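Working through the structure, step by step
Okay, here's what each chain looks like letter by letter:
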Amino acid sequence: MCGRTACSLNPDTLCRACSYRDAAGKQRTTTWTKSDVKYVPSTNIGPKDSLPCIVVGSHFGKQDERVLCAMMWSMIPPWNEGNYKKHNLSTHNARLENIKNSKLYNPPLRKGYRCIVLCEGYYEWKAGKTKKDPKQPYYIYATQEKGVKADDSSTWNDEWSEESGWKGYKLLQMAGIFNTFKTTEGKTIYSCTIITTESNSVLSWLHNRIPVFLNKEEDIQIWLNGELSVAEAVDRLNKLTLSDGDLSWHTVSTLVNNVLCKSEDCRKEKKAIAEKKNNPTSFMASWLKKGCAESAKRKCTETEKSDNIPSKIAK
């Protein structure tokens, strides 16, 4: 399952981070296509916020092999009436084993509406030993080069060249499906879902579902190839495997539990809740910790108000 992600790179940097070799072997950066959904960089992106996606340019009447498109995360049912943000279906994830027979996901699949959902990392919650124990949030991301810290963007670089392409922060690339929705005002809203599969030994200790990751250029090309039948495309996803060393993770604070909190602190590495609970402290130390936590939450709220960061995408 994937219910919260982070993608804080600015739009121009994302164009370089998603570079690829075209059919002629030339290294190219991607370009953004026009969308009525606005990409808002954030360290805490929830369903119905916006996510950047890679799509074949021909879907938008462009010659580019690939383009970037901002999409609402949660596919809008085509039968939806009224405000498209208020549909009640849980459509931010789609189970790989069900999409071929889904009334919602099969039609766009047959049209070749396949995309790659991008993020710097995503959050997952591990249940406690008992129902009373709080869930521990984790931040999961692609394993980076030595010296690059996933929770510290000051250690990242945005190096790109025509010879070697992107050498900066390694993004997660996840298989997705998208569709279009026409509003009564005449806007075209692109919305997407992230395809998930059963977790293997790499992350099964954390959750029984994980996104379908596209780690190789070959896998990306195949998934974006609209000429492949639905059966062929899905069969390819079923054969993808996640290996030890592909992903890294660390525990984070419960600040991320609140989707309205967009602070950089959401993905900062913090001691696990269980570690803190088992660490004997004096009454005064516990009181001070509680006060600091409340202060951090107030600071986060004040920062959001001052920066006027929207919790949802603009209409």
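Residues numbered from 1 in each chain as written. Predicted model: local features only at pLDDT ≥ 70, side-chain atom pairs only at ≥ 80, totals over all residues. Heavy atoms only, no water.

Looking only at helices and strands, one finds 6 helices and 17 strands in the protein chain. For the protein chain, with 315 residues in total, the buried portion stands at 47%. Taking contacts inside the protein chain between residues at least 6 apart in sequence as the whole, the part at least 24 apart equals 69%. Approximately 16600 Å² of the protein chain is accessible, and the part contributed by carbon and sulfur atoms is 49%. (Helix = DSSP H or I, 4+ residues; strand = E, 2+ residues; numbered from the N terminus. Buried < 20%, exposed > 50% of the residue type's maximum accessible area, 1.4 Å probe, protein only. Contact = heavy atoms within 4.5 Å. Areas by Shrake-Rupley, 256 points an atom, 1.4 Å probe, with all protein chains shown as cover.)

Position of Glu269 among the secondary structure elements: in the loop between β17 (247-251) and α5 (273-278). Taking the relative accessible area as the measure of exposure, Glu269 reaches 53% and is therefore exposed. Between the C-alpha atom of Glu269 and that of His250, which follows or precedes it by 19 residues, the distance is 6.0 Å. Discounting chain neighbours no more than four positions away, the residues touching Glu269 are Asp151, His250 and Thr251.

In space, the 5 strands of this open sheet follow the order β5-β1-β10-β11-β17, with antiparallel pairing throughout. In the strand order of this sheet, the two ends are held by β5 (42-45) and β17, each with one partner. The average angle at which neighbouring strand axes cross in this sheet is 25°, direction not considered. Relative to strand β11 (residues 136-142), strand β10 (residues 121-126) is paired through 5 bridges, and the arrangement is antiparallel. Across the sheet, the residue bridging to Tyr122 is Ile140, located in β11. (Pairing = 2+ DSSP bridges. Axes fitted to C-alpha atoms, helices over the stretch in contact; angles between N-to-C directions.)

Glancing now at helix α3 (residues 217-224). Among all positions in α3, only Asp219, Ile220, Trp223 and Leu224 are buried. Angularly, the buried residues of α3 cover 125° about the axis, an arc narrow enough to put them on a single face. (Arc of directions from axis to C-beta.)

Turning to unusual backbone geometry, a few remarks are in order. Even without glycine at this site, Lys48 takes up a positive phi of about 80°. Its location among the elements puts Lys48 in the loop between β5 and β6 (50-56). Phi is positive for Ser74, close to 140°, though the residue is something other than glycine. Residue position: Ser74 is located in the loop between β7 (66-73) and β8 (93-95). By relative accessible area, which is 2% here, Ser74 ends up buried.

Let's shift gears to the environment of His250. Relative to the helices and strands, His250 resides in strand β17. For the pair formed by His250 and Ala150, sequence separation is 100 residues and the distance between their alpha carbons is 9.5 Å. Excluding residues within four positions of it along the chain, His250 makes contact with Tyr138, Tyr139, Tyr141, Asp151, Arg267, Lys268 and Glu269. Among the polar contacts listed, one links the side chain of His250 to the side chain of Tyr141, at a separation of 3.1 Å. Of the polar contacts made by the side chain of His250, one reaches the backbone oxygen of Arg267; its length is 2.9 Å. (Polar contact = N/O pair within 3.5 Å; in protein donor to acceptor, adjacent residues only side chain to side chain.)

Glancing now at the confidence of the model for the protein chain. Per-residue pLDDT for the protein chain has a mean of 88; in total, 86% of the residues score no lower than 70. Low pLDDT, under 50, characterises residues 280-290; the stretch is placed with 3 contacts to residues that sit more than four places away or in other chains. The low-confidence segment residues 303-315 (pLDDT under 50) makes 24 contacts with residues lying over four places distant or belonging to another chain. (pLDDT = per-residue confidence, 0-100.)

We now examine the side chain of Thr30. You can see Thr30 is positioned in the loop between β3 (27-28) and β4 (31-32). Given a relative accessible area of 1%, Thr30 falls into the buried group.

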